[in-house]
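# An overview of the molecular structure
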Amino acid sequence: MSDSILVIGGGIAGINCAMNAAKYGTKVYLVDDTASIGGMMARLDKTFPTNDCSICIEAPQMYEVDNHENIEILTNTEVRKVKKVNGSFKVKLVRKAKYVDEEKCTGCGACAEACPVSVPDSLDGKVGGMRKLISMAFPQAVPNMVTVDPSCRFGEMRKAGACIGECAVDCSQCRECPIALCVKACEKEGKKAIVLWQSNKNLSIDVKSIVVATGIKNAQPVGDLLGYDKYENVITNTEFERLMNAGGPTAGEIIRPSDKKHAKKIAWIQCVGRGLAEGKGTPYCSKICCMISTKQTIITKEHDADAETTIFYNDLKAYGKGFWDFYRKAVENGVKYVRGRPYEVFEDSETKNLIIRYENLDCGELKKEEVELLVLATGIVPNDRNKRLAKVLKVKLDELGYFKEKDPLLASLETNVEGIYLCGGATGPIDIAESVVQATAASLKAVSFHS
Amino acid sequence: MSEEIRIGVFVCDCGTNIAGVVDVLEVTEYARGLENVVMADEGKWSCSVDYLTKMKELIQQHNINRVVIASCTPRTHEPLFKRTIKEAGINPYLLEFVSIREQVSWVHMKEPEIATLKAKDLIKMGVAKAALLEEGQEIRLPVKTDCLIIGGGMAGMNAALSVADQGFNAFLVEKEPQLGGILNNVCFISHDNQKTPAARVVQTKADQVHAHPNITVYTHTGIEAVEGYIGNYKVKLKSNGDGSTNDLDISTMIVATGMKELEPEGQFEYGNDPRVITQLQLDDMLRKKQLEDIKNAVMISCVNSKNETRGCCNIGCHTSVKNAVALKHLRKDANIYILYRDMSLIKEEGTAQQSAKRLGVKFLRFPDDRYPEVRNENGNLMVKVYDLLVGREFELPSDLLVLTTAFKGDETVEQIRGHLKVSANPDRFFQESHVKLGPLEFATDGISLAGCAKAPMTFKESCEEGIGSAMKASIPMNRGYIETEGIVAHIDLTDCTQCGLCSKRCPYNAITVDKEENPEVLQALCKGCGLCAADCPAECISIVHYSDDQVFAQVEAALEENPEKKIVAFVCHWCALGGVDMAGVSRLQYPSNARLIRVMCSARVSLKMMQRPFELGAAGVLVAGCEFPTCHYIEGNYAAEKRLKRAKRRMAKAGYDPEKLWNIWCSAADGPKFATTMRTMVKELKLD
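It should be emphasised that the depicted structure is a prediction, and the values quoted were computed from it without experimental measurement.

### Notes on the interface of chain A and chain B
Tallying the contact residues gives 77 residues for chain A and 84 residues for chain B. Summing both partners gives a buried area of about 6600 Å² for chain A against chain B, and 59% of it is carried by carbon and sulfur. The largest per-residue losses of area from chain A upon contact with chain B belong to Tyr24, Lys321 and Leu409 of chain A, which jointly make up 12% of the total buried on that side. Close ionic contact of Glu627 of chain B with Lys46 of chain A constitutes a salt bridge, the shortest N to O distance being 3.7 Å. Scanning the region where chain A abuts chain B turns up 26 residue pairs in polar contact (both at pLDDT 80 or more). Mapped by element, the contributors of at least two residues to the side of chain A that touches chain B are α1 (12-24), β3 (46-47), β4 (52-53), α2 (54-67), α8 (323-332) and α10 (432-447) of chain A. At 12 residues, the largest contribution of residues to the side of chain A that touches chain B is made by α10 of chain A.

Written out as structure tokens, the structure is:
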């Protein structure tokens with residue numbers, strides 16, 4: 001019987017789960033379906049309530065799991081089939097091709113420089129980060145290597161100026177490529193790391209237990225909710241986080257999308273999409289958004305003490321240790337908190353400023369406010385992968401779409417399948433510290449499970 | 001060591017990443033001519049399997065005993081090269097890493113000659129340090145399998161069971177006569193919109209605990225004394241009953257001392273009128289079925305919470321909704337009001353509020369700065385409250401007034417924190433090692449933390465923390481040892497004045513003072529930040545791989561030529577060097593004047609290190625550490641900041657311009673900040 005465990009999801013929960021299990025002495029497969037481990041935390045600028053730089057505290061942990069002899073990291077990998085045989089889980093994985101040889105690529109970036117096509121980085125949304133068709137997920141990516149955009153590899157980016165795609169045969173038929181500029185650049189560096197003919201690989205592993213750490217997702221505003229789809233200067237709080245980040249698309253300049261000018265007057269709207277009909281918004285309180293916005297206003301003030309910042313909120317969730325002081329710090333720094341319910345947003349077509357109409361809940365009056373940039377705190381929703389993965393694992397989801405605990409009171413983090421455990425955003429909206437706690441608890445359950 | 005120093009230098013091309021800018025051939029040739037260097041080799045890709053094999057062959061062929069690698073960045077590649085030289089038979093601490101890609105070729109792309117010059121300088125510095133390197137080794141401390149759990153509430157019981165289930169011994173100490181903690185006063189637990197009697201949950205867990213062969217339970221017992229460190233604690237227990245004592249040998253500890261309600265004495269008639277009770281007292285009355293005919297009940301939220309001294313109690317809103325529903329079930333036509341500031345209800349808890357509303361519980365929001373007033377009117381308790389939404393005052397009669405009050409850590413905390421040398425806040429809640437990534441442990445190895453001893457939390461969170469803290473305690477117990485990297489402090493007692501500063505300053509309790517007042521480093525607990533070494537007035541502490549001699553050798557090598565053009569920059573490994581690397585990856589171009597010296601923490605940089613470059617004629621000195629409040633060593637950067645102020649005063653006295661001593665606190669994401677600082681420094685020091 002196998003003594004290894006599988007951790008699905010390489011965000012901060014998965015990393016901590018794997019790390020603890022590995023230190024305990026157990027062999028761990030850490031699987032993530034994106035190109036790098038790191039998850040949502042790797043894209044954040046700061047963490048509340050201390051304003052620690054997110055990547056500064058996460059990257060050392062990423063390097064640590066990368067270098068740990070008990071951990072095998074499998075990125076770009078999906079869990080396809082899980083079957084229990086003789087007390088072990090037989091897990092079928094698919095390693096989706098990165099079209100790059102993981103052993104050979106050193107992450108030097110010469111290929112990306114040579115690549116002629118830049119496309120919007122979908123993870124940066126409206127704040128406009130660009131990436132090349134061959135690129136690194138982010139500078140601290142683990143493994144530190146590039147990935148070829150499958151759309152380029154499959155010839156769909158020819159119109160956009162890609163160098164490949166009009167061959168008579170598909171890349172899978174060749175074993176060298178005389179035309180791809182990335183391949184040439186790599187060869188010029190003396191490497192042959194780019195392998196456009198690479199195919200997906202099936203992989204089969206045996207593990208004694210599984211931890212689901214698939215994380216959370218930020219909700220996208222539905223349709224033209226509060227002008228998100230219509231007006232350039234309405235963005236989500238995830239997008240704003242990228243704006244603040246020195247490693248983000250604007251190198252940390254808080255500039256608005258329409259004219260790339262520094263926004264001097266910014267508003268945040270909390271609970272966006274809350275209470276909308278099913279499938280359209282977030283039907284519950286997501287717990288962490290109040291503190292995210294508080295953090296964003298404090299950092300905005302650090303960037304520009306004169307910036308005017310207003311948060312429209314309903315009930316302030318300052319639930320954790322140090323959170324209330326964090327809120328007070330924001331207030332002391334001049335952040336305006338308005339208990340109010342914005343119901344309409346208009347754009348001034350000339351200035352591209354936004355006019356927010358809202359009901360002030362402290363006095364019941366209808367008011368309006370004009371800002372240069374509007375940030376929507378849209379809440380947290382279950383990850384898209386949950387449904388498919390739940391089916392594969394035969395684990396139940398709750399009515400909201402998060403993984404369901406069998407008995408939350410007496411059997412924490414256990415599921416209806418013996419030997420499968422949960423942690424982090426897979427269980428619901430959660431902050432980093434709580435994810436780490438759950439990950440540590442789940443790692444104990446996983447390493448000590450004997451069927 | 002009297003053996004001959006034989007240094008091998010390996011310079012990497014990194015394809016054209018380095019070789020495209022730096023003349024690597026010339027640099028390699030230059031390295032070959034440096035003192036103690038017996039061979040230098042250029043590699044196209046030093047990290048490729050082929051070259052690593054070649055590297056090992058060259059090391060053995062030339063009998064090399066020190067290695068300098070000049071390539072990318074130690075942050076990503078040091079472990080690989082350490083492994084390689086170890087395979088070649090060299091102690092891995094005899095490697096010095098020089099960064100000529102992130103610090104040279106990527107940031108001085110348009111100045112190949114200057115870049116080549118800088119690369120030579122950096123290699124010269126590396127070679128100078130390498131000559132002085134000494135062997136190091138990972139340090140192990142044996143850890144047996146006896147775990148002490150302080151506190152027998154939900155967190156503690158979960159911890160004990162999790163530890164015991166793995167075959168380790170758990171010693172569970174509870175000061176009350178029975179297990180269960182605060183939950184013993186709770187009527188039922190509500191989760192996922194279901195109700196479970198708390199007594200049933202406590203009983204189930206307590207039965208499991210008592211029946212477990214690996215758990216020894218000490219109820220009605222306190223901690224009398226604790227001595228020692230991980231793997232080697234001597235703990236004395238004392239019965240709160242007959243005063244008998246018990247001595248235990250303990251390997252690891254878990255602190256799960258729970259919390260207490262903060263009784264609002266004198267507020268809202270509490271203490272004067274028996275009808276005014278706290279939420280926990282209500283729970284207890286519900287549990288004992290002492291309440292029957294409550295027609296009018298009012299609950300006031302945030303009593304002593306969310307004010308100048310204290311934050312949100314985290315569980316009050318949820319508890320008040322739960323108990324309001326319970327009162328409604330006792331009497332259908334009861335008038336129940338919850339007076340609140342913010343309803344802090346998360347996920348399913350929101351649904352619970354909806355069902356409470358459907359049952360007729362009224363929610364009424366009052367302003368943050370205008371709490372309800374309570375008075376006794378002819379024997380009737382009246383609550384006057386300003387309803388924010390309606391915009392006027394109401395007076396509510398109340399047969400029962402329930403205060404949702406704040407919490408404090410247990411009263412034993414003061415004593416326990418003294419025993420364990422850990423910190424707690426004014427509300428007696430223990431301080432975890434890192435708010436985000438170290439929620440289950442203290443800075444001191446071997447002691448974990450769980451549940452409401454840290455902050456008020458829900459039942460479910462406490463259970464998870466109990467299990468998680470058990471994992472933290474189990475890791476060293478399962479391995480049988482703890483191990484630390486060999487970058488640790490050594491104290492030479494020859495010149496020691498027994499001032500005790502090192503022991504006081506160590507953030508990890510890794511320096512003890514013995515009976516003769518001599519300090520001793522428990523190396524397995526030392527993290528190698530170097531704060532003690534930099535502060536030691538007698539200069540008798542050295543840090544492996546970052547000794548004074550080694551750092552000064554780097555400084556001297558850097559300033560051998562044209563010191564007046566150069567800036568010596570001490571850069572912390574964790575964040576500031578991350579920022580430097582980020583500037584490199586982003587190809588931010590900046591002036592080449594700085595010569596970087598890596599230290600593990602900015603706190604390692606002593607007053608002498610800050611001043612030495614000026615004595616050698618340097619144009620400027622930069623100390624770069626983590627951006628506040630982040631610090632890999634808890635608060636090394638704060639110590640560095642204080643020391644910088646002292647250094648400036650000292651420099652002025654010594655006749656140097658203190659304005660030439662710079663510092664930045666730079667995050668690992670902030671490449672632009674480092675590049676900008678370089679530009680500004682060069683401009684202000686008039687080096688351009």
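Now that the structure has been shown, the text picks up again.
### A look at the sheet that holds strand β21 (residues 380-387) of chain B
Residue and element names in this part refer to chain B. Taking strand neighbours across the sheet as the criterion, the 3 strands line up as β20-β21-β22 in an open arrangement whose pairing is antiparallel. The strands lining the two open edges of the sheet, one partner per strand, are β20 (373-377) and β22 (392-397). Direction aside, the axes of adjacent strands within the sheet are offset by 25° on average. For β20 and β21, the ladder comprises 5 bridges, and the chain directions are antiparallel.

### Considerations on the state of the cysteines
Here a disulfide denotes one covalent bond, and it connects the sulfur atoms of two cysteines. Residues and elements named next belong to chain A. Going through the model one piece at a time under the given rule, you end up with 1 disulfide over all chains. Across the disulfide from Cys53 sits Cys56; the S-S distance is 2.4 Å. With the S-S bond torsion at 80°, the cross-link from Cys53 to Cys56 turns out right-handed. The burial state of Cys53 is the same as that of Cys56; both residues are buried. No disulfide involves Cys271; its nearest neighbouring cysteine sulfur is the one of Cys290, lying 6.2 Å away. Note on Cys271: relative accessible area 25%, which makes it partly exposed.

### Some details on the pattern of salt bridges
Residue and element names in this part refer to chain B. Summed over all chains, the structure comprises 83 salt bridges over all chains. Here Lys234 ties to Asp249 by a salt bridge, and the two come within 2.9 Å at their closest N and O atoms. Here Lys234, found in strand β12 (residues 232-239), pairs with Asp249, found in strand β13 (residues 245-250); they are 15 residues apart in sequence, far enough to count as distant. Between Asp283 and Lys322 there is a salt bridge, with the nearest N and O atoms lying 3.2 Å from each other.

### Remarks on the domain arrangement of chain A
Residue and element names in this part refer to chain A. If you check the domain split of chain A, you get domain 1 (5-93 + 201-215 + 383-447), domain 2 (110-188) and domain 3 (219-380). For domain 1 and domain 3, the distance between their C-alpha centroids amounts to 31 Å. Of the residues lining the interface, 14 residues belong to domain 1; the matching set on domain 3 comes to 24 residues. In total, domain 1 and domain 3 occlude about 1600 Å² of area from one another, counting both sides; carbon and sulfur atoms represent 60% of this. For the pair domain 1 and domain 3, the interface holds 1 salt bridge.

Parameters and conventions
- Residues numbered from 1 in each chain as written.
- Chains lettered and ligands numbered in written order.
- Predicted model: local features only at pLDDT ≥ 70, side-chain atom pairs only at ≥ 80, totals over all residues.
- Heavy atoms only, no water.
- Contact = heavy atoms within 4.5 Å.
- Buried area = accessible area lost by both parts, 1.4 Å probe.
- Salt bridge = Lys/Arg side-chain N within 4 Å of Asp/Glu carboxyl O.
- Polar contact = N/O pair within 3.5 Å; in protein donor to acceptor, adjacent residues only side chain to side chain.
- Helix = DSSP H or I, 4+ residues; strand = E, 2+ residues; numbered from the N terminus.
- Pairing = 2+ DSSP bridges.
- Axes fitted to C-alpha atoms, helices over the stretch in contact; angles between N-to-C directions.
- Disulfide = S-S within 2.5 Å.
- Buried < 20%, exposed > 50% of the residue type's maximum accessible area, 1.4 Å probe, protein only.
- Domains from an automatic or database assignment.

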